[in-house]
Amino acid sequence: MSYINENFLELQESYLFSTVAKKVNEYSAKNPDKKIIKLGIGDVTKPIVPEVIKAMHKAVDEMGTKEGFRGYGPEQGYEFLRKAIVENDYKDLGIEIDEIFVSDGAKCDCGNIVDIFDENNKVAITDPVYPVYLDTNVMSGRSGKYKKELDMYKNIVYIPVTTENNFIPELPKEKVDMIYLCFPNNPTGTTLTKQQLKIWVDYAIKNKSIILFDSAYEAFITEDNVPHSIYEIEGAKKVAIEFRSFSKTAGFTGIRCAYTVVPKELKLYTRSGEEVSANKLWNRRQCTKFNGVPYITQKAAEAIYTEEGKKQIKENIKYYLENAKIIKQGLEKAGFTVYGGVNSPYIWLKVPDGLTSWQFFDKLLEEVNVVGTPGSGFGPHGEGYFRLTAFGTKENTEEAVKRIIDL
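Notes on the structure in this doc start here. Numbering of residues starts from 1 in each chain and follows the order in which that chain's sequence is written. Local features in a predicted model are, by the rule used here, given only for residues with pLDDT of at least 70; side-chain atom pairs are given and counted only at 80 or more, and totals for whole chains, interfaces and linings are based on all residues. Hydrogens and water are ignored here; the side-chain numbers use all heavy atoms of the structure.

1. Observations regarding the state of the cysteines
Put simply, the rule is: Working definition: a disulfide is two cysteine sulfur atoms within 2.5 Å of each other.
Counted under the stated rule, the structure contains zero disulfides. No disulfide involves Cys 108; its nearest neighbouring cysteine sulfur is the one of Cys 110, lying 9.3 Å away. Just so you know, Cys 182 is unpaired, no disulfide at all, and the nearest cysteine sulfur is the one on Cys 110, 8.0 Å from it.

Set out below in structure tokens:
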């Protein structure tokens, strides 16, 4: 008899974005004449920039020659891309770090990183939260039983990020071992200052905890005192793993490339108290379970860091930030309470009184054919809120705002 991993039975229904897609598909099938504007799932709409496409074409041509053909590459990523990342993403910030692991997506890394942690570690997540952080710990057995009446898991420490605390998470009252932080935040679009993030780094150092820092949206930061990397904070190399993505930055959602930084200074511990290098553990995990990102993809990613590539990418980011401004200002004028949209491509709004977030989702879909994401899908503290993304076209963004205002 083959037994299942019963932790999977603790997962709640389907994945959030699968549920959204199912509802939209069902409505679309019944109403084929309706033009649905999708501002729910954070997929991009701008095409890959010319400089990146040029690099991909060149890499494809190389692969068709005896001299330029590449087979299995290094699991950590090719040196040319890792060097470009270090020079452009970290040295420009005054950060000396080179422990880069190139991967096929930050979502994958955020899920896979739990492999190197003991199943008895106490996990803290901000709430509302990107579902992957929670669900992968449920699958790994760290969550305990699901409490339906609270919409929470027994062994997870939930840290509210709401209007009541100005979206600034407070330190947990109990000691935790693994802390998930995402800033600029998904889904709220809010940020922490360097001073606010330092409080968390100091906590982690004091308690020998690890911060899993998702920095996927750092390219959208517009304000000076908002850190682009957790390693801008003194001491963070000792306690933080950082995840970065090219998906939203450069439109790589369909190409798949990202990277994770695991500093050599960062130590984990055996139950007997012995120090173990997290970098070595992650390297061993990747070498065992991952065959690396394709050469063509990594050459495409390298082109992001060329002078022309940077210029073209900045134009795309500017485009999406303008969409965010259109949504934010339009909904505020209509009387909605709105957050985010300044350092982030996400806009977080309060739903009208008397409606749950899923009821508001249905109302927008059925009455004005606009798709967003209900806040409760990001956790219990997301109830009463709603997320819209700035990744649509400008024309669709303007039309969607007009429809919502008219409603």
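Past the structure itself, the notes keep going.
2. A look at unusual backbone geometry
Note the following rule: Note on conventions: DSSP H or I runs of at least 4 residues are helices, E runs of at least 2 residues are strands, and numbering of each starts at the N terminus.
Of note, the amide linkage connecting Asp 127 to Pro 128 takes the cis form, showing an omega dihedral of 10°. Relative to the helices and strands, Pro 128 is located in the loop between strand 3 (123-127) and helix 5 (131-139). With an omega of 25°, the peptide bond between Asn 186 and Pro 187 qualifies as cis. For Pro 187, the location among the structural elements is in the loop between strand 7 (178-182) and helix 6 (194-207).

3. With respect to the pattern of salt bridges
Applied cut-off: We define a salt bridge as a side-chain nitrogen of Lys or Arg found within 4 Å of a carboxyl oxygen belonging to Asp or Glu.
One pass over the structure, following the stated rule, counts 20 salt bridges. Measuring nitrogen to oxygen at the nearest pair gives 3.2 Å for the salt bridge that ties Glu 87 to Lys 91. The partner of Asp 406 in a salt bridge is Lys 402, with the nearest N and O atoms 3.1 Å apart. Here the residue Asp 406 and the residue Lys 402 both occupy positions in helix 12 (residues 394-406), the gap between them amounting to four residues, near one helical turn.

4. Quick notes on the side chain of Asn 343
Quick note on the threshold: Distance and chemistry together define a polar contact, namely a pair of N or O atoms within 3.5 Å, with one atom able to donate a hydrogen and the other to accept it when in protein, and with adjacent residues in sequence counting only for side-chain atoms on both sides. A contact between two residues is defined here by any heavy atoms of the two lying within 4.5 Å.
Turning to its location among the elements, Asn 343 is positioned in the loop between strand 13 (338-340) and strand 14 (346-350). Among the polar contacts listed, one links the side chain of Asn 343 to the backbone nitrogen of Thr 222, at a separation of 2.8 Å. Among the polar contacts made by the side chain of Asn 343, one reaches the side chain of Glu 223 at a distance of 2.9 Å. Beyond its immediate stretch of four places on either side in the chain, Asn 343 contacts Pro 184, Thr 191, Tyr 217, Phe 220, Ile 221, Thr 222, Glu 223 and Val 226.

5. Quick word on the sheet that holds strand 16 (residues 373-374)
We count it as follows: Between any two strands, at least two bridges found by DSSP are needed for them to pair. The convention used is that axes are lines fitted to C-alpha atoms, helices contributing only their stretch in contact, and that angles between N-to-C directions extend from 0 to 180 degrees.
The antiparallel open sheet is built from four strands, whose spatial order is 13-14-17-16. Edge positions in the open sheet fall to strand 13 and strand 16, since each of these has one partner strand only. For strand 16 and strand 17 (residues 385-389), the ladder comprises two bridges, and the chain directions are antiparallel. Bridging across to strand 17, Pro 374 finds its partner in Phe 386. The strands that helix 11 (residues 357-368) touches are strand 14, strand 16 and strand 17; relative to strand 17, the one it contacts most, it runs at about 45°.

6. Re the pairing of strand 9 (residues 240-245)
Basically, it comes down to this: Buried, partly exposed and exposed residues are distinguished by accessible area as a fraction of the type maximum, computed with a 1.4 Å probe on protein chains only: under 20%, between the cut-offs, and over 50%, respectively.
Counting buried residues along strand 9, six of its six residues qualify, which places the element largely inside the surrounding structure. The side-chain alternation of strand 9 yields two buried faces, one formed by Ala 240, Glu 242 and Arg 244 and the other by Ile 241, Phe 243 and Ser 245. Where strand 8 (residues 210-214) meets strand 9, four bridges bridge the pair, whose relative direction is parallel. Note on strand 9: the bridge partner recorded for Ile 211 is Ala 240. Pairing between strand 9 and strand 10 (residues 258-261): four bridges, direction antiparallel. Each residue of the ladder has a partner; that of Glu 242, found in strand 10, is Val 261.

7. Remarks on the nonpolar core
Quick reminder of the rule: We define the nonpolar core as a collection of buried residues of types Ala, Val, Leu, Ile, Met, Phe, Trp, Tyr and Cys that are connected through side-chain atoms lying within 4.5 Å of one another.
Residues Ile 211 and Phe 252 are the most contacted members of the largest nonpolar core, which totals 124 residues. By residue number, the principal contributor to this core is helix 10 (residues 307-333), which donates eight residues. Discounting residues that sit within four places of it in the chain, Ile 211 has contacts with Ile 179, Leu 181, Trp 200, Val 201, Ala 204, Ile 230, Val 239, Ala 240 and Ile 241.

8. Considering the environment of Ala 240
In this fold, Ala 240 is placed in strand 9. On a C-alpha basis, the gap between Ala 240 and Ile 205 in space is 9.6 Å, while along the polypeptide they are 35 residues apart. Discounting residues that sit within four places of it in the chain, Ala 240 has contacts with Ile 211, Ile 230, Tyr 231, Val 261, Pro 263 and Leu 266.

9. Looking at the packing of helix 2 (residues 50-63) against helix 9 (residues 295-303)
As a reminder of what qualifies: The handedness criterion is simple: a crossing whose near helix is rotated anticlockwise from the far helix by less than a right angle is left-handed, and one whose near helix is rotated clockwise is right-handed. Put simply, Ala, Val, Leu, Ile, Met, Phe, Trp, Tyr, Cys and Pro go in the nonpolar bin, Asp, Glu, Lys and Arg in the charged bin, and everything else, Gly too, in the polar bin.
Here helix 2 crosses helix 9 at 150°, and the two axes come no closer than 8 Å. For helix 2 against helix 9, the interelement crossing comes out right-handed. Here Glu 51, Val 52, Ala 55, Met 56, Ala 59, Val 60, Glu 62 and Met 63 of helix 2 lie close against helix 9, whose contacting residues are Tyr 295, Ile 296, Lys 299, Ala 300 and Ala 303. Here the contact of helix 2 with helix 9 is built from residues that sort into ten nonpolar, no polar and three charged.

10. Some details on the environment of Pro 160
With respect to the helices and strands, the residue Pro 160 is situated in strand 6 (residues 156-160). With 33 residues separating them along the chain, Pro 160 and Asp 127 place their C-alpha atoms 4.9 Å apart. In this structure, Pro 160 is in contact with Asp 127, Asn 165, Pro 169 and His 381, ignoring residues within four places of it in sequence.

11. Quick word on the pairing of strand 7
To keep things clear, this is the line we draw: Here a crossover is taken to be right-handed if, once the strands point away from the viewer, the path from the first strand over the helix to the second is traced clockwise.
By the criterion of burial, strand 7 is predominantly enclosed, with five of the five residues buried. Of the two faces of strand 7, the one carrying Met 178, Tyr 180 and Cys 182 and the one carrying Ile 179 and Leu 181 are both buried. Examined bridge by bridge, strand 3 and strand 7 share three bridges and lie parallel to one another. Directly across from Ala 124, in strand 7, lies its bridge partner Ile 179. As paired elements, strand 7 and strand 8 share five bridges and run parallel to each other. Counted as the bridge partner of Met 178 is Ile 210 from strand 8. For the handedness criterion, the β-α-β arrangement of strand 7, helix 6 and strand 8 is classed as right-handed.

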